[in-house]
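Listed below, chain by chain, are the residues.
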Amino acid sequence: LGSGLYLLSTMDLQTATHQIVLFMAMLGIGMGIFSSPNSNAILSSVPRRFVGTASGLTAMMRTSGITFGLALSVTLYTFFRQDAEAAGTTAEQLLYLAGIQPAFAMASIIAGINLILSATRGKRPKLD
């Protein structure tokens, strides 16, 4: 996931469509590899009687993360796009890239931090 986000942050006007499709496929594969095992680890770490509560909290945190990530991405996009506009960039494609590249780069960094946190969380015995 982080690699796909990083590669998307390197896009320029010469990036071919098939490359973008490959980068986005990496995102999808990364999410597929991460989501199920992560949900399993979360739900396996709580007693059976609290699995419903843990599932609901997991869904709420996922939704909150998506909301926060979208807000951060839009903020970064707007800031860097306006910065490029103030510097005299007029081509719409360049303005778009100036805004979207930092947003993808930040998302890549956050994914890397999440990778470290997930890898170091340790194993907890299943509680019943």
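We now turn to the structure provided with this report. (Residues numbered from 1 in each chain as written. Predicted model: local features only at pLDDT ≥ 70, side-chain atom pairs only at ≥ 80, totals over all residues. Heavy atoms only, no water.)

**Considerations on the overall build of the protein chain**
Counting its regular elements, the protein chain contains four helices and zero strands. Starting at the N terminus and ending at the C terminus, the protein chain contains elements arranged as α-α-α-α. Its C-alpha atoms give the protein chain a radius of gyration of 18 Å, clearly above 14 Å, the size a compact globule of 128 residues would have. Projected onto the principal axes, the alpha-carbon positions of the protein chain cover approximately 60 × 25 × 20 Å. Looking at the protein chain as a whole, 19% of its 128 residues are labelled buried. Counting contacts in the protein chain only where the partners sit at least 6 residues apart, residues at least 24 apart contribute 56% of the total. In the protein chain, 8 side chains carry a positive charge and 5 a negative one; their mean positions are 28 Å apart. (Helix = DSSP H or I, 4+ residues; strand = E, 2+ residues; numbered from the N terminus. Rg over C-alpha atoms; globule rule 2.2 N^0.38 Å. Buried < 20%, exposed > 50% of the residue type's maximum accessible area, 1.4 Å probe, protein only. Contact = heavy atoms within 4.5 Å. Lys, Arg positive; Asp, Glu negative; His and termini not counted. Charge placed at Lys NZ, Arg CZ, Asp CG, Glu CD.)

**Brief notes about the pattern of salt bridges**
Applying the stated criterion across every chain, the model contains one salt bridge. Here Glu92 and Arg81 are joined by a salt bridge, their closest N and O atoms 2.8 Å apart. Taken together, the positions of Glu92 in helix α4 (residues 92–119) and Arg81 in helix α3 (residues 51–86) put the pair eleven residues apart, joining distant regions of the chain. Using a relative accessible area of 47% as the deciding quantity, one classes Glu92 as partly exposed. (Salt bridge = Lys/Arg side-chain N within 4 Å of Asp/Glu carboxyl O.)

**Details of the packing of helix α1 (residues 2–9) against α4**
Running from amino to carboxyl end, α1 crosses α4 at an angle of 160°, the nearest separation of the two axes being 8 Å. Taken together, the axes of α1 and α4 are roughly antiparallel relative to one another. Viewed along their axes, α1 and α4 form a crossing whose handedness is left-handed. In contact with Gly2, Leu5, Tyr6, Leu8 and Ser9 of α1, α4 contributes Gln101, Phe104, Ala105, Ala107, Ser108 and Ala111. (Axes fitted to C-alpha atoms, helices over the stretch in contact; angles between N-to-C directions. Parallel < 35°, antiparallel > 145°, perpendicular 65-115°, else oblique. Left-handed = near helix turned anticlockwise from the far one by under 90°.)

**Quick word on helix α2 (residues 17–44)**
The end-to-end C-alpha distance of α2 is 41 Å, a good match for the 40 Å that 28 residues give at a rise of 1.5 Å each. For α2, the full list of buried residues reads Phe23, Leu27, Gly30 and Asn38. Elements that come into contact with the buried residues of α2 comprise α1 and α4. (Expected span 1.5 Å × (residues − 1).)

**Side note on the packing of aromatic side chains**
In this structure the tally under the stated criterion is two aromatic pairs. Both rings, one in Phe79 and one in Phe80, keep their centres 5.1 Å apart while their planes meet at 85°; by these two values the pair is edge-to-face. With relative accessibility at 29%, the residue Phe80 sits in the partly exposed group. (Phe/Tyr/Trp six-rings, centres within 6.5 Å; stacked < 30°, edge-to-face > 60°.)

**Things to note about the side chain of Thr15**
In this fold, Thr15 is placed in the loop between α1 and α2. Here Asp12 takes part through its backbone nitrogen, which lies 2.9 Å from a polar atom of the side chain of Thr15. Apart from the residues lying within four places of it in its own chain, the contact partners of Thr15 are Ile20 and Phe23. (Polar contact = N/O pair within 3.5 Å; in protein donor to acceptor, adjacent residues only side chain to side chain.)

**A short note on the packing of α3 against α4**
Two elements in contact, α3 and α4, have axes separated by 8 Å at closest approach and are oriented at 140°. Classed by the angle they form, the pair α3 and α4 counts as oblique. Note on packing geometry: the crossing formed by α3 with α4 is right-handed. In this structure, α3 contributes Leu72, Ser73, Leu76, Tyr77, Phe80, Arg81, Ala84 and Glu85 to the contact, and α4 contributes Glu92, Leu95, Tyr96, Ala98, Gly99, Ile100, Pro102, Ala103, Met106 and Ile110.

**Notes on α1**
Where α1 is concerned, the buried positions are Gly4, Leu5, Leu8 and Ser9. Taken down its axis, α1 places every buried residue within 140° of arc, on the same side. In this fold, the buried residues of α1 make contact with α2 and α4. (Arc of directions from axis to C-beta.)

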